Amino acid sequence: MPYINVRGVEHYYQWIKKPSGYLVKPVMVFMHGWAGSARYWQNTADALSEQFDCLLYDLRGFGRSRGKPTIAQASEAVAESQSPQEELEAIKELTYELEEYADDLAALLDGLHIHRVYIHAHSMGASVATLFFNRYPQRVERGILTCSGIFEYDEKSFSAFHKFGGYVVKFRPKWLSKIPFVDRMFMARFLYSSIPHSERQAFLQDFLEADYDAALGTIFTSVSKAQAELMPLEFAKLTVPTLLVAGEYDKIIPAEMGRQAAALSDKVEFVMIPNTAHFPMLEDAPTYLRGVQEFLRVSIIEPQES
């Protein structure tokens with residue numbers, strides 16, 4: 001499996017490409033949501049690979065990517081520093097702020113010598129992508145944010161969410177995946193229309209294997225008073241042409257939150273996909289891909305029904 005060192009942490013990545021002769025295709029980067037991995041983007045990337053070289057990666061602490069830098073990696077980074085400033089940067093502990101994840105992406109692209117990309121992001125990954133659009137607008141051609149939006153701060157609700165989230169992250173025995181139908185129960189809140197058993201099982205496995213610090217840390221940083229205040233400002237100042245896709249019955253990030261976010265900028269187009277929830281790209285792939293195709297103005301070969 002291919003890995004690349006990004007700011008002292010080993011990150012998993014993969015390419016999904018199709019031969020194009022002498023044609024140089026643009027790169028589309030896929031970003032997953034909380035406690036997930038790039039695995040659930042593979043079918044979408046396959047469908048887009050006629051038009052794009054698709055780069056999928058697992059965010060720091062999730063999927064097949066590592067969490068914090070190891071002592072050996074940190075020591076090596078310090079040893080290779082060329083100045084006191086570089087040394088300070090090398091030993092600086094990475095946090096789980098979403099802005100740090102945006103900087104991770106910039107470093108990943110630098111490491112792969114990629115300058116300008118399309119970005120296709122979901123849920124927490126879409127929040128990171130929004131921050132990336134504004135921090136590095138010169139590096140983004142167009143963006144697609146799936147299941148993203150803005151929310152109002154409510155101290156009581158947020159405290160309850162953080163407490164419950166802490167329990168969920170702490171209680172993740174590996175044997176859980178062996179219980180019959182547990183994948184169906186685990187995914188029930190995220191779906192309106194069914195997805196294959198293999199997809200549900202992969203989600204469960206990613207959740208069980210997520211780094212503890214990363215899973216817990218991003219619960220607090222992605223659902224917080226600071227984030228509730230920041231994201232409306234970030235959407236309002238977008239300069240990157242963006243498509244925001246919502247699932248009609250999404251309970252995690254309701255479609256109305258996406259509609260409100262899109263209304264803040266004339267750079268954002270809003271599309272809601274009927275009869276889907278938090279994973280519209282899997283629940284209704286043909287409709288999802290048609291919306292993406294219209295936004296990107298490209299032809300897409302839709303996946304065949306199995």
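Whatever comes next refers back to the structure up there.
Below you will find a few notes about this structure.

Cut-off values and rules
- Residues numbered from 1 in each chain as written.
- Predicted model: local features only at pLDDT ≥ 70, side-chain atom pairs only at ≥ 80, totals over all residues.
- Heavy atoms only, no water.
- Helix = DSSP H or I, 4+ residues; strand = E, 2+ residues; numbered from the N terminus.
- Buried < 20%, exposed > 50% of the residue type's maximum accessible area, 1.4 Å probe, protein only.
- Arc of directions from axis to C-beta.
- Contact = heavy atoms within 4.5 Å.
- Pairing = 2+ DSSP bridges.
- Axes fitted to C-alpha atoms, helices over the stretch in contact; angles between N-to-C directions.

**As for unusual backbone geometry**
Line of reasoning, step 1. One non-glycine residue, R7, lies in the positive phi region at around 55 degrees.
Line of reasoning, step 2. If you trace the backbone, R7 turns up in the loop between strand 1 (3-6) and strand 2 (9-16).
Line of reasoning, step 3. Unlike most non-glycine residues, F181 shows phi in positive territory, near 70 degrees.
Line of reasoning, step 4. As for its placement among the helices and strands, F181 is situated in the loop between helix 6 (155-170) and helix 7 (182-187).
Line of reasoning, step 5. For F181, a relative accessible area of 60% corresponds to the exposed category.

**A look at helix 11 (residues 255-262)**
Line of reasoning, step 1. Turning to helix 11, its buried residues are A255, G258, A261 and A262. One side of helix 11 carries all its buried residues, which in axial view fall inside an arc of 120 degrees.
Line of reasoning, step 2. Buried positions along helix 11 lie against helix 10 (225-236), strand 7 (242-247) and strand 8 (268-273).

**Concerning the sheet that holds strand 7**
Line of reasoning, step 1. Strand order in this open sheet of eight strands is 1-2-4-3-5-6-7-8, and the pairing throughout is mixed. Where the open sheet ends on each side, the last strands, each with one partner, are strand 1 and strand 8. Averaged over all neighbouring strand pairs, the angle between strand axes comes to 25 degrees, with direction disregarded.
Line of reasoning, step 2. Bridge count for strand 5 (residues 117-122) against strand 6 (residues 140-146) is five bridges, and the pairing is parallel. Paired with V117 across the bridge in strand 6 is V140.

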